Every structure is written in C-alpha cells, then in structure tokens.
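Working through the structure, step by step
Each chain, written out:
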Amino acid sequence: MTLDEIKKLDATSCPRFSAFAKNQLPMPGNKKRLDDILNREITVIDYRIRKSTKRDGTECLQMQFLLGDEVCVVFTGSSVLINQIKESKDNIPFTATLVKMDRYYSFS
C-alpha cells in the first residue's frame with residue numbers, strides 16, 4: 001500500500017483477525033494428558049487436526065472438551081482417535097468416555 005492509501009484506510013471497516021483466523025488462535029482450556037481423562041465422561045466441543053511436530057508424516061489431534069464444568073484441551077497423535085473424530089465431526093458436540101484398549105485409545 002502507498003502512504004496515501006494507508007492514510008485513507010478506515011480501521012473500523014477492516015475485519016477483525018479473530019473473525020477469520022479461528023484456526024490460528026489458541027484453543028482455550030486447561031491442558032490435560034490422555035491418561036488424566038481415561039474412563040471419565042467428557043463432552044467433546046471442538047477439535048483441530050494438524051501435521052504433527054513430534055513425528056514426521058503423522059497427524060496431531062487437538063481436542064477441546066468439557067470435563068465437568070472445566071474446559072480442557074488435549075493433544076494426541078492417536079490415529080484411532082483421529083479417525084473416530086473425523087467420522088463424528090457432524091455430531092459435535094458429543095459425550096463419550098475415553099478408554100485404553102491394549103496400546104491404543106478409543107472413544108466409547
């Protein structure tokens with residue numbers, strides 16, 4: 001932009017960053033570990049799936065949920081949970097219990 005264009009800019013007509021960059025803002029909530037919520041009923045309210053920063057070529061699920069009255073988030077690379085949440089995206093919010101079966105986590 002030129003200086004003349006900048007001077008004519010009306011800041012009140014500009015869109016707010018938070019209105020269009022939802023996936024770039026942090027998800028509010030207290031961070032939990034999967035083991036902290038095992039066998040407890042949670043209400044899944046939102047999620048994001050991104051490329052994992054821990055393992056190349058894999059995905060990471062960031063899930064926001066209610067645990068009682070507390071808003072929480074958890075991060076996991078569990079492919080079972082990622083697939084289950086992708087298949088259930090049209091049903092969010094939903095209530096589930098997180099269980100561990102052998103070496104993987106699952107909603108039940």
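Quantities reported herein were computed from a predicted structural model and do not represent experimental measurements.

**A few points about the pairing of strand E5 (residues 94-101)**
One ladder, built from four bridges, connects strand E2 (residues 41-51) with E5; its direction is antiparallel. From the neighbouring strand, Thr-43 faces E5, where its bridge partner is Thr-95. Note: E5 against strand E6 (residues 104-107), four bridges, orientation antiparallel. When the bridges of E6 are listed, Leu-98 appears paired with Phe-107. Joining the antiparallel neighbours E5 and E6 is a turn of two residues, in which Asp-102 adopts a positive phi near 55 degrees.

**Some words on a nonpolar patch on the surface**
Judged by side-chain polarity, Met-1, Leu-3, Ile-6 and Leu-9 come together as a nonpolar surface patch covering roughly 460 Å² of accessible area. Considering the arrangement of structural elements, one finds Ile-6 in helix H1 (residues 3-8). Note on Ile-6: relative accessible area 42%, which makes it partly exposed.

The rules behind the values
- Residues numbered from 1 in each chain as written.
- Predicted model: local features only at pLDDT ≥ 70, side-chain atom pairs only at ≥ 80, totals over all residues.
- Heavy atoms only, no water.
- Pairing = 2+ DSSP bridges.
- Helix = DSSP H or I, 4+ residues; strand = E, 2+ residues; numbered from the N terminus.
- Patch = residues over 30% accessible without salt bridge, like charges linked within 9 Å, V, L, I, M, F, W, Y side chains within 5 Å.
- Areas by Shrake-Rupley, 256 points an atom, 1.4 Å probe, with all protein chains shown as cover.
- Salt bridge = Lys/Arg side-chain N within 4 Å of Asp/Glu carboxyl O.
- Buried < 20%, exposed > 50% of the residue type's maximum accessible area, 1.4 Å probe, protein only.

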